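Next come the chains, spelled out residue by residue.
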Amino acid sequence: MKIKLLASALALVFASIITLPVFAATPQTPADCQRIYAGNDEAIQACINRLGQ
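Model, not experiment: these values are computed from the prediction.

1. As for the overall build of the protein chain
Here is step 1 of the chain: Looking only at helices and strands, the protein chain has three helices and zero strands in total.
Here is step 2 of the chain: Moving toward the C terminus, one meets the helices and strands of the protein chain in the order α-α-α.
Here is step 3 of the chain: The C-alpha atoms of the protein chain give a radius of gyration of 18 Å, which is well past the 10 Å a tight globule of 53 residues would have.
Here is step 4 of the chain: Principal axes of the C-alpha set define a box for the protein chain whose edges measure 55 × 25 × 15 Å.
Here is step 5 of the chain: Burial analysis of the protein chain (53 residues in total) assigns 9% to the buried set.
Here is step 6 of the chain: Per element, the accessible surface of the protein chain, about 4600 Å² overall, is 67% carbon and sulfur.

Spelled out as structure tokens, the structure:
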């Protein structure tokens, strides 16, 4: 029983480590938008517009 609990806890920690950087990568400046969405002008403009709100 303890092994299942440990395995579940390790799986949760692993999933957290994988997913947290995705949420931390939110752009804060127009330069961030250009870097993240390089080459996609529509996405860059939408990102910049979201920053202005």
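2. With respect to the state of the cysteines
Here is step 1 of the chain: This model, assessed by the stated rule, comprises one disulfide.
Here is step 2 of the chain: A sulfur-sulfur separation of 2.0 Å characterises the disulfide bridge that pairs Cys33 with Cys47. Judged by the sign of its S-S torsion, about -65°, the cystine formed by Cys33 and Cys47 is left-handed. Residue Cys33 is located in helix 2 (residues 30-36), and its partner Cys47 is located in helix 3 (residues 41-51); the two are separated by 14 residues in the primary sequence.
Here is step 3 of the chain: Residue Cys47 is classed as buried on the basis of its relative accessible area, which comes to 1%.

3. Notes on the confidence of the model for the protein chain
The predicted structure's coordinates, where accompanied by low pLDDT, should not be read in detail.
Here is step 1 of the chain: Taken over all residues, the pLDDT of the protein chain has a mean of 86, while the share at 70 or more is 91%.
Here is step 2 of the chain: Here helix 1 (residues 2-24) stands out as the element of the protein chain with the lowest mean pLDDT, 84, in contrast to helix 3, whose mean of 92 is the highest.

4. Points about a nonpolar patch on the surface
Here is step 1 of the chain: The grouping of Val13, Phe14, Ile17 and Ile18 at the surface amounts to a nonpolar patch, some 420 Å² of accessible area in total.
Here is step 2 of the chain: By the element assignment, Ile17 lies in helix 1.
Here is step 3 of the chain: Overall, the relative accessible area of 55% leaves Ile17 in the exposed class.

5. Considerations on the environment of Gln34
Here is step 1 of the chain: Among the structural elements, Gln34 can be located in helix 2.
Here is step 2 of the chain: The exposure class of Gln34 is partly exposed, given its relative accessible area of 46%.
Here is step 3 of the chain: Each C-alpha atom, one on Gln34 and one on Thr19, is 23 Å from the other, the two residues being 15 residues apart in sequence.

Definitions and limits used
Sequence order sets the numbering: in each chain, residues are counted from 1 along the sequence as written. At least 70 in pLDDT is required for a residue's local features to be given in this predicted model, at least 80 for side-chain atom pairs to be given and counted, and no such filter applies to totals for whole chains, interfaces and linings, which use all residues. Computation of side-chain values: all heavy atoms of the structure, hydrogens and water removed. Numbering of helices and strands runs from the N terminus, with a helix taken as a DSSP run of H or I at least four residues long and a strand as a DSSP run of E at least two residues long. For this measure, only C-alpha atoms enter the radius of gyration; the expected value for a globule follows 2.2 Å times N^0.38, where N is the number of residues. Each residue gets one of three labels from its accessible area relative to the maximum for its type: buried under 20%, exposed over 50%, partly exposed in between, using a 1.4 Å probe on protein chains only. Residue exposure ignores everything except the shown protein chains as possible cover, and the areas themselves are Shrake-Rupley values with a 1.4 Å probe. Any cysteine sulfur atom paired with another within 2.5 Å is treated as part of a disulfide. How sure the predictor is of each residue is captured by pLDDT, a score from 0 to 100. Residues enter patches when their relative accessible area tops 30% and they take part in no salt bridge; the joining distance is 9 Å for like charges and 5 Å for the nonpolar side chains Val, Leu, Ile, Met, Phe, Trp and Tyr. Salt bridges are defined by distance alone: a side-chain nitrogen of Lys or Arg within 4 Å of a carboxyl oxygen of Asp or Glu.

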